[in-house]
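# Architecture and fold: a report
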Amino acid sequence: MNDFRLFQDDTKFETCVQKEKSVNFDCKLSKKYTFKCILFFAKNSRIPFSDYVEQCKRENIEPIDITDSEPILNELNYINIPKIDVIYPAYASSQNYAFLEKIDISEDITKVRLFNIIVPQSVTSNITLANIEDFLLKGLFVPADIEDTLGISDNVKFFNNLDNIKYRFNVVSDPSLFCKKDWDQTVCIFVDECEWALNMWGVTNLNEIFKEVPAFRVRLKSEKNDPCEKYDVRDFIIDKKTLHSVDVKLIWDAIKYKINHILKS
């Protein structure tokens, strides 16, 4: 993939790379892709593939074929692409390529395995996009009514080490656009009492999903668990609906077990 190896010498970047130029990979792909397509794919490689395709539609960029995504990422593992801090005037056009200024294709993005976690959509749930990171990484339950929800996007990303191996986690509240590959990379599901949210996923085999993916409902002892009885969902009891520490080892053990199962399959 000589086009990308030229990145090692950033003095050649401006003269050797054009956004509409096809990139030659060493691996066998179903078709050729432009430099612009590869950059946009690399930028979005940490989100579910279905979300990436939607982003392509919004930006009017040709998506990478799903069968080509893994070999492309594997090849990107072996190159060092420096951070792009500026877009040279030679590449300017009527199209908006502002997103390129924010691209930082680092070793972590391409080498660290990505897995999905699903949380409830309801902002009144005990676990949401707003407090999931504190809950899993800090062992801290932060109630929804005191958690700062400003600036929360439609997904949350973080890293964590399991058995000295670093993994990336992409947390979403709406998996309705998940493709099979996204579900195959899902390692934990949090649910609440709102069964309508599960129906919004558009999935017909919910029982199969809950059999394959560890699922939890974080609830008070006083809260009913009726909607979850039909599925294989484990209770995670919290003592109070106020700020307090929690032991999430049980959840991480389940996630680690699921990851190991995925890696062995």
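Cut-offs and rules
- Residues numbered from 1 in each chain as written.
- Predicted model: local features only at pLDDT ≥ 70, side-chain atom pairs only at ≥ 80, totals over all residues.
- Heavy atoms only, no water.
- Salt bridge = Lys/Arg side-chain N within 4 Å of Asp/Glu carboxyl O.
- Helix = DSSP H or I, 4+ residues; strand = E, 2+ residues; numbered from the N terminus.
- Buried < 20%, exposed > 50% of the residue type's maximum accessible area, 1.4 Å probe, protein only.
- Pairing = 2+ DSSP bridges.
- Axes fitted to C-alpha atoms, helices over the stretch in contact; angles between N-to-C directions.
- Contact = heavy atoms within 4.5 Å.
- Parallel < 35°, antiparallel > 145°, perpendicular 65-115°, else oblique.
- Nonpolar A, V, L, I, M, F, W, Y, C, P; charged D, E, K, R; others polar.
- Arc of directions from axis to C-beta.
- pLDDT = per-residue confidence, 0-100.

## Considering the pattern of salt bridges
Side chains that carry opposite charge are capable of pairing whenever their charged atoms lie near each other. Under the counting rule described, the total for this entry stands at 8 salt bridges. A salt bridge links E54 to K57; the shortest N-O distance between them is 3.5 Å. Placement of both E54 and K57 in helix α4 (residues 49-59) is noted, with a separation of 3 residues, approximately one turn of the helix. Take K57: its relative accessible area is 60%, and that puts it in the exposed class. Note that K138 and D134 form a salt bridge whose closest N and O atoms lie 3.3 Å from each other. Of the two residues, K138 and D134 are both situated in helix α7 (residues 132-138); the distance of 4 residues between them amounts to about one turn of the helix.

## Brief notes about the pairing of strand β8 (residues 215-220)
For β8, the buried fraction is high: 6 of the 6 residues fall into the buried class. Alternating positions in β8 separate into two faces, A215, R217 and R219 on one and F216, V218 and L220 on the other, with burial throughout. Where strand β7 (residues 186-191) meets β8, 3 bridges bridge the pair, whose relative direction is parallel. Following the sheet pairing, V191 is matched in β8 by R217. Relative to strand β9 (residues 234-238), β8 is paired through 5 bridges, and the arrangement is parallel. Bridging from a neighbouring strand, R217 pairs with D235 of β9.

## Considering the sheet that holds β7
The strand order across the open sheet built from 6 strands is β5-β6-β3-β7-β8-β9, with neighbouring strands paired in mixed fashion. Looking at which strands have only one partner, the edges of the open sheet turn out to be β5 (155-162) and β9. Within the sheet, the average angular offset between the axes of one strand and its neighbour, ignoring direction, is 25 degrees. Sheet strands in contact with helix α11 (residues 249-264) are β3 (114-118), β5, β6 (165-172), β7, β8 and β9, and its direction is about 145 degrees off that of β7.

## What to know about the packing of helix α3 (residues 35-43) against helix α5 (residues 66-76)
Between α3 and α5, whose axes approach to 11 Å, the crossing angle comes to 85 degrees. With respect to each other, α3 and α5 are oriented roughly perpendicular. Residues I38, F41 and A42 of α3 lie in contact with α5, whose contacting residues are S69, I72, L73 and L76. The class makeup of the residues in the contact of α3 with α5 is 6 nonpolar, 1 polar and no charged.

## Description of α4
Residues of α4 that are buried: F49, S50, Y52 and C56. The arc that holds every buried residue of α4, seen down its axis, measures 160 degrees, which confines them to one face. Summarising the geometry of α4, the exposed residues directed more than 90 degrees from the buried face are K57 and R58. Looking at the buried positions of α4, the neighbouring elements they touch are α3, α5 and α8 (180-184).

## Comments concerning the environment of I237
Within the fold, I237 resides in strand β9. With sequence-adjacent residues up to four places away left out, I237 is seen in contact with R219 and K221.

## Brief notes about the confidence of the model for the chain
Mean pLDDT over the chain: 76, with 72% of residues reaching 70 or higher. Below pLDDT 50 for its whole length, residues 79-108 participates in 50 contacts with residues either more than four positions away or in separate chains.

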